[in-house]
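An overview of the molecular structure
What follows is each chain in one-letter form.
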Amino acid sequence: MKQKIPGIHHITAIAGDPQGNVDFYNGFLGLRLVKKTVNFDDPQTYHLYYGDEEGHPGTILTFFPWPGAHHGSRGAGQLTTVSFSVPEWSLGWWIDRFDRNGVIHESARRRFDEESVAFLDPDGLRLELVAHASAENVKPWEGGPVSSRHALRGFHGATLTETNLDHTAAFLMNILGFHKAGEVGDCHRFIAGDHPGHAVDVLHLPNESAGHVAVGTVHHIAWRTPTGDEQLEWRREIEDAGTSVTPVIDRQYFHSIYFREPGGVLFEIATDPPGFTLDEPLEELGSGLMLPPRFEHMRGELERVLPPVRMPEVSYA
């Protein structure tokens, strides 16, 4: 294997109401809205990006809000849990915050020698906080609505639900360069590199029905690569393995290729550069509607069609 995946670049999910999405992810979870743009494949839909102060790869959760759309269902062939890393001292603080604000959550549990708590966002997307010692060494967003002591420290990993473990495991290890790190019951952990978001858990449920991607579910997961040249190497390697993969697509803030792993989860490999300060200075990230040059002639129309989105309109205890 010539190269390995360093970790997660970003994860993209489907939301309902865009304002409710901003209220929860910025106002409650304390992530920075680093970019407000449109879905480049459907420009009458927002694409909202959240992350740390600069939107570093490994911290970026993005959403396509579809107001009024029906809810999806979690199941096989999907990424079913998005996991964030928090310092070990913060988990109790977050559980209290969930309780004070009526956020649906499970009891804390221990798995792979880590304590975690799963919870739902307003659309039913399943999220998880994982208390991890290495989180103490990750710089949080100092100016956010959540104290930097307890702020999220980027991704810990993600969970894929699969009916066939062997095929997905072989793809992760033989093509993408992951190695197996252990298993607990039906959950099998694979690790890539030592960057944020280095863990992927495969939940093996042979009889699970297929999930349906819509509001409250994940659309795709993107893995990191540092350069465009390495991305082209990945493309050749994936294609040589017999997997259909797209050409390189310019997503303004990174370049992307897309393909599906054997269980059906949509994967992407995205470049680290150029990043979110490409068209906004650091201090103004997320403050305006940013459009790629090919859509600038549509700005007036898009601003009429897209619902207004402001910084959080609700306060959290």
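Scroll up a little and you will see the structure.
Anyway, here's the lowdown on the structure attached to this text. Residue positions are counted from 1 within each chain, in the order its sequence is given. A pLDDT threshold of at least 70 governs which residues receive local features in this predicted model, and a stricter bar of 80 or more applies before side-chain atom pairs are shown or counted, although totals over entire chains, interfaces and linings include all residues. Side-chain numbers come from the whole structure's heavy atoms, not from hydrogens or water.

**Remarks on the pairing of strand E1 (residues 8-15)**
The criterion, for reference: Only protein chains enter the accessibility calculation, which uses a 1.4 Å probe. A residue is then buried if its area is under 20% of the maximum for its type, exposed if over 50%, and partly exposed in between. Runs of H or I in DSSP of at least four residues are treated as helices and runs of E of at least two as strands, each being numbered from the N terminus. We call two strands paired when DSSP finds no fewer than two bridges between them.
Taken across its eight residues, E1 has eight buried, putting it largely inside the fold. Where E1 lies against strand E13 (residues 218-225), five bridges are found, and the strand directions are antiparallel. Directly across from Ile11, in E13, lies its bridge partner Ile221. Pairing between E1 and strand E4 (residues 60-65): six bridges, direction parallel. Counterpart to Ala13 in the pairing with E4 is Phe63.

**Things to note about the sheet that holds E13**
What counts is decided by this rule: In what follows, residue pairs with any heavy atoms lying within 4.5 Å of each other are defined as contacts. Here, axes are lines fitted to C-alpha atoms. For helices the fit covers the stretch in contact, and angles between N-to-C directions go from 0 to 180 degrees.
Overall, mixed pairing links the eight strands, which are arranged E2-E3-E4-E1-E13-E16-E15-E14 in an open sheet. With partners counted over all chains shown, the strands left at the sheet margins are strand E2 (32-39) and strand E14 (249-250), one partner each. Sheet contacts for helix H1 (residues 18-28): E1, E2, strand E3 (42-51) and E4; angle to E3, the most-contacted strand, approximately 10°.

**Observations regarding the environment of His204**
How we decide: By the criterion applied in these results, polar contacts are pairs of N or O atoms within 3.5 Å in which, for protein atoms, one can donate a hydrogen and the other can accept it, and in which residues neighboring in sequence qualify only through two side-chain atoms.
Relative to the elements of secondary structure, His204 occurs in strand E12 (residues 199-204). Spatially, the C-alpha atoms of His204 and Asn164 are 6.8 Å apart, while their sequence positions differ by 40 residues. Not counting residues within four places of it along the chain, the set of residues in contact with His204 comprises Glu162, Thr163, Asn164, Leu165, Asp186 and His188. A polar contact of 3.2 Å, which involves the side chain of His204, links it to the backbone oxygen of Thr163.

**Points about the pattern of salt bridges**
Condition: One side-chain nitrogen of Lys or Arg within 4 Å of one carboxyl oxygen of Asp or Glu is enough to make a salt bridge.
If you walk through the whole model with that rule in mind, you get 14 salt bridges. Arg189 is the partner of Asp201 in a salt bridge, and the nearest nitrogen-oxygen pair spans 2.7 Å. Here Arg189 lies in strand E11 (residues 187-191) and Asp201 lies in strand E12, a separation of 12 residues in the sequence. When sorted by exposure, Asp201 lands in the same class as Arg189, which is buried. Ionic pairing is found between Arg299 and Glu303, a salt bridge with its closest N-O pair at 3.3 Å. Pair noted here: Arg299 and Glu303 are both in helix H5 (residues 299-305), with a separation of four residues, about one helical turn. Exposure remark for Arg299: the relative accessible area of 22% places this residue in the partly exposed category. Among the charged side chains, a network of salt bridges with common partners joins Arg109, Arg111, Glu114, Glu128, Arg189 and Asp201.

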